[in-house]
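Residue-level structure breakdown
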Amino acid sequence: MQELNINVDPQNGELIVRKGEAAPIREKNPLRVSGVIFAPGQFMENRKDLLSPMDCVLLSDKNKNCLTFESGQSSELRDIITGYLKPSAIIQKLGINRDSGYSDKSLADVFRKIRMYFVDGSQCTKAVAALQKFKAKVSADLENNDDKRGNTKFLIEKRVTTDLPESIHLKAPIFEGFEPVTIEVLLIISVVGTGIEISLESYELFELEEKEKERIFQEQESKFHEFGCAVLTLS
């Protein structure tokens, strides 16, 4: 049997010898994380002293609203951090600029729950009151002419009378993780049969979404350009 000499310096620490089966060697688990759009930048900035820019890449995909940072390109165990630019919960809940609409009662329920997002709380109170006692009068004038010579005209004119405000003002974040902004939201009333449907539209929101998206992507990509890694634009 080969003799083994072990010297332990008491000033530097201690030597622990365990008997029995050794623990199995485990491979490092690569990090796979997804979060809001600035998650890749936060990861890179917190660990840039440990990362090699030449071994990292940022993938920018505006069509999918995401940034993906990959570190350790030369390894199969590379870390991948993905950040998504998502509409805020309140914007998704309201369905602004979508085809869906509300009945008067359902919209009143929604407004009561999001009172905190109204710029002026009294505007919420007035809108809810108007919706609760909504008595839009839908009147129709029918014109049906036939001159028996093959020429016909069939017209229906509908008119709605209501005290519901034309618009409301909300202060809410456009995207997850960002500060709120003030937007005007139009209340669009449509006649459906003998009833009505109310949809929410905002030209300001549409413009802000496009401008803010461009600004946010440029701001995040600039961090990786400064870091010195490759930035690849996918769309």
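Structure shown above.
**A few points about the overall build of the protein chain**
The secondary structure content of the protein chain amounts to five helices and 10 strands. Of all 235 residues assigned to the protein chain, the portion counted as buried reaches 31%. Total accessible area on the protein chain stands at roughly 16,100 Å², and carbon and sulfur atoms take up 48% of it.

**Overview of the packing of aromatic side chains**
On inspection of all chains with the given rule, the structure shows four aromatic pairs. When the centroid spacing of 5.2 Å and the interplanar angle of 45° are considered together, the rings of Phe69 and Phe224 count as tilted. One end of the pair, Phe69, is in strand β3 (residues 66–71); the other, Phe224, is in helix α5 (residues 203–227), with 155 residues separating them in the sequence. Classification of Phe69 by relative accessible area gives buried; the value is 0%. Both rings, one in Phe111 and one in Phe118, keep their centres 5.4 Å apart while their planes meet at 85°; by these two values the pair is edge-to-face. Considered together, Phe111 and Phe118 belong to a single accessibility category, that of buried residues. Every member of this aromatic cluster is reached through a ring pair, and the members are Phe43, Phe69 and Phe224.

**Some points on the environment of Pro165**
Of note, Pro165 is situated in the loop between β6 (152–161) and β7 (167–173). Along the primary structure Pro165 and Ala130 are separated by 35 residues, whereas in three dimensions their C-alpha atoms are 8.3 Å apart. Setting aside residues up to four positions removed in sequence, Pro165 forms contacts with Ala127 and Leu187.

**Examining the sheet that holds strand β9 (residues 195–201)**
Overall, antiparallel pairing links the three strands, which are arranged β7-β8-β9 in an open sheet. The sheet is open, and its two edges are formed by β7 and β9, each paired on a single side. The sheet shows a mean angle of 35° between the axes of neighbouring strands, taken without regard to direction. Here seven bridges tie β7 to strand β8 (residues 180–192), and the two strands are oriented antiparallel to one another. Along β8, the bridge assignment pairs His169 with Glu184. Strand contacts of α5: β8 and β9, with the helix running at about 135° to β8, the strand carrying the most contacts.

Basis of the calculations
Residues numbered from 1 in each chain as written. Predicted model: local features only at pLDDT ≥ 70, side-chain atom pairs only at ≥ 80, totals over all residues. Heavy atoms only, no water. Helix = DSSP H or I, 4+ residues; strand = E, 2+ residues; numbered from the N terminus. Buried < 20%, exposed > 50% of the residue type's maximum accessible area, 1.4 Å probe, protein only. Areas by Shrake-Rupley, 256 points an atom, 1.4 Å probe, with all protein chains shown as cover. Phe/Tyr/Trp six-rings, centres within 6.5 Å; stacked < 30°, edge-to-face > 60°. Contact = heavy atoms within 4.5 Å. Pairing = 2+ DSSP bridges. Axes fitted to C-alpha atoms, helices over the stretch in contact; angles between N-to-C directions.

Nothing here speaks to function; it is all geometry.
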